[in-house]
Amino acid sequence: MNGAGPTVASVMGDYGTARREFTWDSARRWLDGLPGGGLNIAYEAVDRHVAHGHGAHPALRFLGPDGVDQVLTYADLADRTARFAEVLRSLGVGPGDLVCGLAGRVPDLYVALLGTLKARSVFSPLFSAFGPEPLRQRMQIGEARLLVTTPALYRKKVAGLRETLPLLEHVLLIGAGAEDLVGGERLGPGVVPLAELWPGTTGDPVVEPTDPEEPALVHFTSGTTGTPKGAVHVHEAVVAHHATARYVLDLRDDDIFWCTADPGWVTGTSYGVIAPLTCGVTCVVDELEFDARRWYRLLEEERVTVWYTAPTALRMLMKAGSAPHEGRDLSALRHIASVGEPLNPEVVHWGLAELDRPIRDTWWQTETGAIMVANYAATEIRPGSMGRPVPGIDAAVVARDVEGHVLTGVDGGPVVLDEPDALGELALRRPWPSLMRTYLGAPDRYATAFLGDWYLSGDLVRRDADGWFWFVGRGDDVIKSAGHLIGPFEVESALLEHHAVAEAGVIGVPDPVVGEVVKAFVALKPGVEASEELRRELLGWGRTRLGSAVAPREIAFQQDLPKTRSGKIMRRLLKARELGLPEGDLSTLEVSS
Ligand code: ATP
Ligand code: MG
C-alpha cells in the first residue's frame, strides 16, 4: 500500500476559530436559495451548480458488476429531476404528499429522491431488503401516495400489500426490467413504468418557491432500541448537510466521494446524496454489496479522495486481512470518516497501520439530521473519542437519575454536568437546521425527546477536560453492576483488541448480589476455533484491561451477532434472548442468508 494521502489545508481550518465565528445564518449564505425566494434541497444539490457553469461535471458515477454502469452529470440530474417533478404533478401528487422509494442503488432512485423534493413532495427511503410487513407499516404511518420501486421488488413485496394500502394510488417502476414493461403488461392498479411517462414531460427547470420549513424527508430510525420512529426533516436541513459536508467531511468541488451507506437509511441519503452534491463533488455509487477486494479496487480505480463508512464495514475489512489491499494505490485518499456505531480504538490503530491514514469518528442520529460531534481533518485524533461538537452546535452532558430519567433543573431544563469526565446523557441545544420537526404519527414521543431548550439523545457519554466526547453506550444498554455504571462500548473495545476477536456485543444479566453482571457475546476471526481455553484467556484479558469490576464475568461464542440492517449490534435482542423475554420489534433485524 502506498503512503499517506495528499496533505492540503482542511476546509474548516482551526477548530477554535471556526467555533467562534460560525453561525447558521452565515452557513445559509454558503447556499444560493431559490431564484424566486425560499430554499429547496434539490435546487441546492443540483440546479445551482448548473447555474454556476458546473453542469458538465459528473455528479453520480454508478458502478455495477461490469464496471461503470452510468454517469449522471449535474446537468443530466437537473433535467431528469425536473421531469420527475413534472411526472408527480401530472399524477396529482403535490406538496406535502409522501413518496416512498424502494430500490437498490440504481440511478432512477436518486432521480426520484431529488425530483420529489423539487415537486415539494416528501420523500421517505425504504430499505430494499425490508420484508412486506415493515414496508406496509412505514407506508401506512406516512400515508404514502406514491411508491417508486423495481418490477422485482413490486412483485415480491408490494403487490400483496396493495389492499391494505388504499392511499397508495401510484407505483412507478424503475431499474431492471422496468423499460420492458413500457406500454405492456400492468403489474397492478396504478403501476406504470416511469419511462412510459417521460415523453409527456418538458424538462422545465423552474422549482416553485419552497418554504424552508416545509417537510422534505421522512427517515425511519434503525430500530436498534425498539420500534423505528419516523423523523420528519424540512428543507432547511440542507444548511446543516452542506456545512457539515464542508467542515467535517472536508469536501471541496473536485473531490471524488464515496459514502458506503445505502440510501435506504439516513446516512445514505443525507451524506450519500444530498450533502456531497451540495458541494458539487462527484459521488461514487457502488451498486453491489460488500466485498473487501472489490472495495479496495474501487478506492484505487475511482481515485476516491474522501470516504465515509461505518465501523461494521471497517471491522469486516480488518477481518479480511492485508491480502485484499496489497499493491493497491490509495494515494488519492485524503480523508476517511466513520459513523453509525462507536469506532473502537483498535480500528483507528488498524487504519493508521494498514491504510496509513487516521479514521475519523463522527456521531449523529436520524433525529439530528446531520453530523453533530466529530473529529476534524485539521485536529489530532484521540482514538476512541467521537470528537467535539461541530461549529454551531452546543453539546452538554446532562444528569440522569438511577432509573435513567434526565433530571430537571430549576429552569425547567436538564441539569448540566460541567465537571470533566462526568457520566451523563448527551444533550444538544435546539434549534439547528436539521433537527427533526416531529416523529410521524407520534407527537407525544417527540415531545419527550426534549427538556427545556435541549434535545435529549438517549446516548451516554463523558466529556474530558479538553472538551472531547467519549461514547459510553446507549442509555438502554448501560449495565449497572455493584454501584458502577458500565458502558458496553468500553468492554467491547477491550475485547476487540484481542487478536482472536472479530466482533463483540456486551449486555448486563441480572445478578442477585451485584444487580447485573457483564456478559459478552464474541464472534471470532476466521480460522479461530472456540474453546474453553480461549474463553478463559478472554476472561483474563478482560480483567487485565478493565479491572474485575468492569470485566465480563461470562463469555459466549456466537458467530452471527444480531444486527440491524444498517449494521448496528442489537444488544437488546442479545439480552431478550438471554433472559427469555419477548424479542420486540424485529422489522430491522438483519437476517443472515
Ligand atoms: P432506534 O432509535 O430506532 O433505536 P438507532 O438509534 O440505532 O435506532 P439511528 O438514528 O440510525 O437509529 O442511529 C443513531 C444511533 O447510533 C446513535 O444514537 C448512537 O447510539 C449510534 N451511533 C451513531 N454514530 C455513533 C458514533 N460515532 N459512536 C457511537 N454511537 C454512534
Ligand atoms: Mg435512536
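Every value quoted in this text rests on a predicted model; they were computed, and no experiment measured them. (Residues numbered from 1 in each chain as written. Chains lettered and ligands numbered in written order. Predicted model: local features only at pLDDT ≥ 70, side-chain atom pairs only at ≥ 80, totals over all residues. Heavy atoms only, no water.)

### Let's talk about the overall build of the protein
What counts here: In this description a helix means any DSSP run of H or I spanning at least four residues, a strand means any run of E spanning at least two, and both kinds are numbered starting from the N terminus. All radius of gyration figures rest on C-alpha atoms, and the globule criterion is 2.2 Å times the number of residues raised to 0.38. Exposure classes here rest on a 1.4 Å probe applied to the protein chains alone. A residue is buried below 20% of its type maximum, exposed above 50%, and partly exposed in between. Whether two residues are in contact is decided by their heavy atoms: any pair within 4.5 Å suffices. The protein chains shown are the only cover counted for residues, whose accessible areas, like all others here, come from Shrake-Rupley with a 1.4 Å probe. His residues and chain termini do not enter the charge count, which takes Lys and Arg as positive and Asp and Glu as negative. By convention, charge coordinates are those of NZ in Lys, CZ in Arg, CG in Asp, or CD in Glu.
Scanning the protein for helices and strands turns up 17 helices and 27 strands. In summary, the protein has a C-alpha radius of gyration of 24 Å against a globular reference of 25 Å for 593 residues, a match within 12%. Seen through its principal axes, the protein has C-alpha atoms that stretch 70 × 60 × 55 Å. Taken across its 593 residues, the protein has 60% of its residues classed as buried. Of the contacts made within the protein by residues no fewer than 6 positions apart, 69% connect residues no fewer than 24 positions apart. Split by element, the accessible area of the protein, about 22300 Å² in all, is 51% carbon and sulfur. Each charge sign in the protein was given a centre, from 58 positive and 79 negative side chains, and these centres are 2 Å apart.

### Notes on the domain arrangement of the protein
Rules: Throughout, the edges of the domains are those of an automatic or database domain assignment. Defined here as a combined quantity, buried area equals the accessible surface (1.4 Å probe) lost by two parts on assembly, summed across both. The term salt bridge refers to a side-chain nitrogen of Lys or Arg lying within 4 Å of a carboxyl oxygen of Asp or Glu. Whenever a nitrogen or oxygen atom comes within 3.5 Å of another N or O atom, the pair is scored as a polar contact, on the condition that within protein one atom can donate a hydrogen and the other can accept it, and that pairs from neighbouring residues in sequence are kept only if both atoms are in side chains.
For the protein, the assigned domains are domain 1 (1–30 + 236–393), domain 2 (74–235), domain 3 (394–431 + 442–475) and domain 4 (479–579). In this structure, domain 1 and domain 2 have C-alpha centres spaced 28 Å apart. Contact residues are listed per partner, giving 25 residues for domain 1 and 24 residues for domain 2. Counting the surface lost from both domain 1 and domain 2, the interface buries some 2200 Å², and carbon and sulfur atoms represent 62% of this. In terms of surface lost to domain 2, no three residues of domain 1 exceed Glu236, Trp265 and Thr366, which account for 27% of the buried area on that side. Inspection of the region where domain 1 meets domain 2 yields 3 salt bridges. Note that arginine 105 is salt-bridged to aspartate 262, the shortest N-O span being 2.5 Å. Linking domain 1 to domain 2 there are 11 residue pairs in polar contact (both at pLDDT 80 or more). Of all the elements in the fold, those that place two or more residues in the side of domain 1 that touches domain 2 are α9 (237–247), α10 (266–278) and β11 (282–286). For the side of domain 1 that touches domain 2, the element with the highest residue contribution is α10, accounting for 7 residues.

### Observations concerning the packing of aromatic side chains
Definition in use: Planes of paired rings set the category: under 30 degrees apart is stacked, over 60 is edge-to-face and the rest tilted, where pairs are Phe, Tyr or Trp rings (Trp by its six-membered ring) whose centres lie within 6.5 Å. Any Lys NZ or Arg CZ that is within 6 Å of a ring centre and within 35 degrees of that ring's normal is treated as a charge sitting over the ring.
A full pass over the atoms with the stated rule returns 20 aromatic pairs. Taking 5.9 Å as the distance between ring centres and 75° as the angle between the ring planes, the aromatic pair formed by phenylalanine 22 and tryptophan 30 counts as edge-to-face. Judged by its relative accessible area of 31%, tryptophan 30 falls in the partly exposed class. Relative to phenylalanine 489, the ring of phenylalanine 471 lies with its centre 6.1 Å away and its plane at 65°, an arrangement referred to as edge-to-face. Of this pair, phenylalanine 471 sits in strand β22 (residues 469–474) while phenylalanine 489 sits in helix α15 (residues 488–496), and the two are 18 residues apart along the sequence. Grouping residues by exposure puts phenylalanine 471 and phenylalanine 489 together as buried. Members of the aromatic cluster, joined through ring pairs, are Trp432, Tyr439, Tyr446, Phe450 and Tyr455. A cation over an aromatic ring shows up here: arginine 138 above the ring of phenylalanine 220, its NZ or CZ 5.2 Å from the ring centre.

### Describing the site of ligand 1
Stated formally: Here, proximity means that at least one heavy atom of the residue falls within 4 Å of the molecule or strand.
Neighbouring ligand 1 are 21 residues, the closest being Thr221, Thr224, Thr225, Thr366 and Arg474. In this structure, glycine 340 approaches ligand 1 through a main-chain N or O atom, which is 3.2 Å from a nitrogen atom. Interatomic distance of 2.9 Å between a side-chain N/O atom of lysine 568 and an oxygen atom of ligand 1. Secondary-structure elements contributing two or more residues to the shell around ligand 1 are β14 (359–363) and β22. At 3 residues, the largest contribution of residues to the shell around ligand 1 is made by β14.

### What to know about the pattern of salt bridges
Under the criterion given, the structure shown has 43 salt bridges. Between glutamate 208 and arginine 120 there is a salt bridge, and its shortest N-O distance comes to 2.8 Å. Separated by 88 residues along the polypeptide, glutamate 208 in the loop between α8 (194–197) and β8 (215–220) and arginine 120 in the loop between α5 (107–118) and β4 (122–126) bring together distant segments of the chain. Take glutamate 208: its relative accessible area is 33%, and that puts it in the partly exposed class. The partner of arginine 136 in a salt bridge is glutamate 133, with the nearest N and O atoms 2.6 Å apart. Of this pair, arginine 136 and glutamate 133 both sit in helix α6 (residues 132–142), separated by 3 residues, roughly a single helical turn. Salt bridges sharing partners connect three or more residues here, namely Arg89, Arg120, Glu208 and Glu214.

### What about unusual backbone geometry?
In the segment running from arginine 430 into proline 431, the intervening peptide bond is cis, with an omega of 0°. You can see proline 431 is positioned in the loop between β18 (423–429) and β19 (438–439). You will see that arginine 120, though not glycine, has its phi angle at about 65°, which is positive. Judged by relative accessible area, arginine 120 falls into the buried class, the value being 16%. Even without being a glycine, aspartate 356 presents a positive backbone phi close to 70°. Position of aspartate 356 among the secondary structure elements: in the loop between α13 (345–355) and β14.

### Focus on the pairing of β18
Consecutive side chains of a regular strand alternate in pointing toward one face of the sheet and then the other. Put simply, the rule is: Strands are treated as partners if at least two bridges between them are detected by DSSP.
Where burial is concerned, most of β18 is hidden: 5 out of the 7 residues are buried. Where strand β17 (residues 395–398) and β18 come together, 4 bridges link them in antiparallel fashion. By the bridge assignment for β18, alanine 395 is matched with leucine 428. In the sheet, β18 pairs with strand β21 (residues 454–463) via 6 bridges, with the strands oriented antiparallel. Note that in β21 the partner of leucine 428 across the bridge is tyrosine 455.

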